[in-house]
Amino acid sequence: MLLGLALAACTPALDWRESRPEGSQARLMFPCKPASHARRVAIAGETVEMSMFACSAGETVYALSFADVKDPARVGAALDDLGRAAQSNLQSSSGAASEAARVAGMTPHPQSVQWRLAGRLPDGRDAQERVVLCSHGTRVYQATMLGAKLDAAAEDSFF
């Protein structure tokens, strides 16, 4: 029994694994096995299918959402819409992008940014969120970590 407890104590809290979410053309590390969801959403004045791959590890949610907006002229507006939605969902008062996003393989775009947000969830709990918005061609991506307090080492691994 003591050996079992010792082995359990040595088990890492996060089980990082490489993931290539279907249809995303992306490769990233998740600390848990992501589940997939898709729904129709309005982005940049059009309704598109947005896919999400997400999982929870500890008290943090890790997610990658993406959609193809089909028209290069709509990419900037789509990234702006995703950023506004992230701020609104967290009831965040901080409104400025912290810095330009730098993601290997992304298509350079002025609206590709990283946000660090602090605010409240709809249930009133305090939360922190890091969001990276970028594009590749006409696909827009949003990578998100959301939790009570974000772990810097986990951020480095995920982003």
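The present account deals with the structure reproduced in this document. (Residues numbered from 1 in each chain as written. Predicted model: local features only at pLDDT ≥ 70, side-chain atom pairs only at ≥ 80, totals over all residues. Heavy atoms only, no water.)

## Focus on the pattern of salt bridges
What counts is decided by this rule: Definition used for salt bridges: Asp or Glu carboxyl oxygen within 4 Å of a side-chain nitrogen of Lys or Arg. Only protein chains enter the area calculation, which uses a 1.4 Å probe; residues under 20% of their type maximum are buried, those over 50% are exposed, and those in between are partly exposed. The helix count covers DSSP runs of H or I at least four residues long, the strand count covers runs of E at least two residues long, and both are numbered beginning at the N terminus.
Per the stated rule, a full pass over the model turns up nine salt bridges. Here Asp123 and Arg125 are joined by a salt bridge, their closest N and O atoms 2.7 Å apart. A single burial state applies to Asp123 and to Arg125, both of which are exposed. The salt bridge involving Arg130 is made with Glu155; its shortest N-O contact spans 3.1 Å. Here Arg130, found in strand β8 (residues 126–136), pairs with Glu155, found in helix α3 (residues 152–158); they are 25 residues apart in sequence, far enough to count as distant. For Glu155, a relative accessible area of 7% gives the class buried.

## As for the pairing of strand β7 (residues 113–120)
To keep things clear, this is the line we draw: Think of it this way: DSSP has to see at least two bridges between two strands before they count as a pair.
The pairing of strand β6 (residues 99–100) with β7 spans two bridges and is antiparallel. Within β7, the residue paired with Glu99 across the bridge is Gln114. In this structure, β7 lies alongside β8, joined through seven bridges in antiparallel fashion. The partner of Trp115 across the bridge, within β8, is Val131. What sits between β7 and β8 in their antiparallel hairpin is a turn of five residues, with Gly124 showing a positive phi close to 95°.

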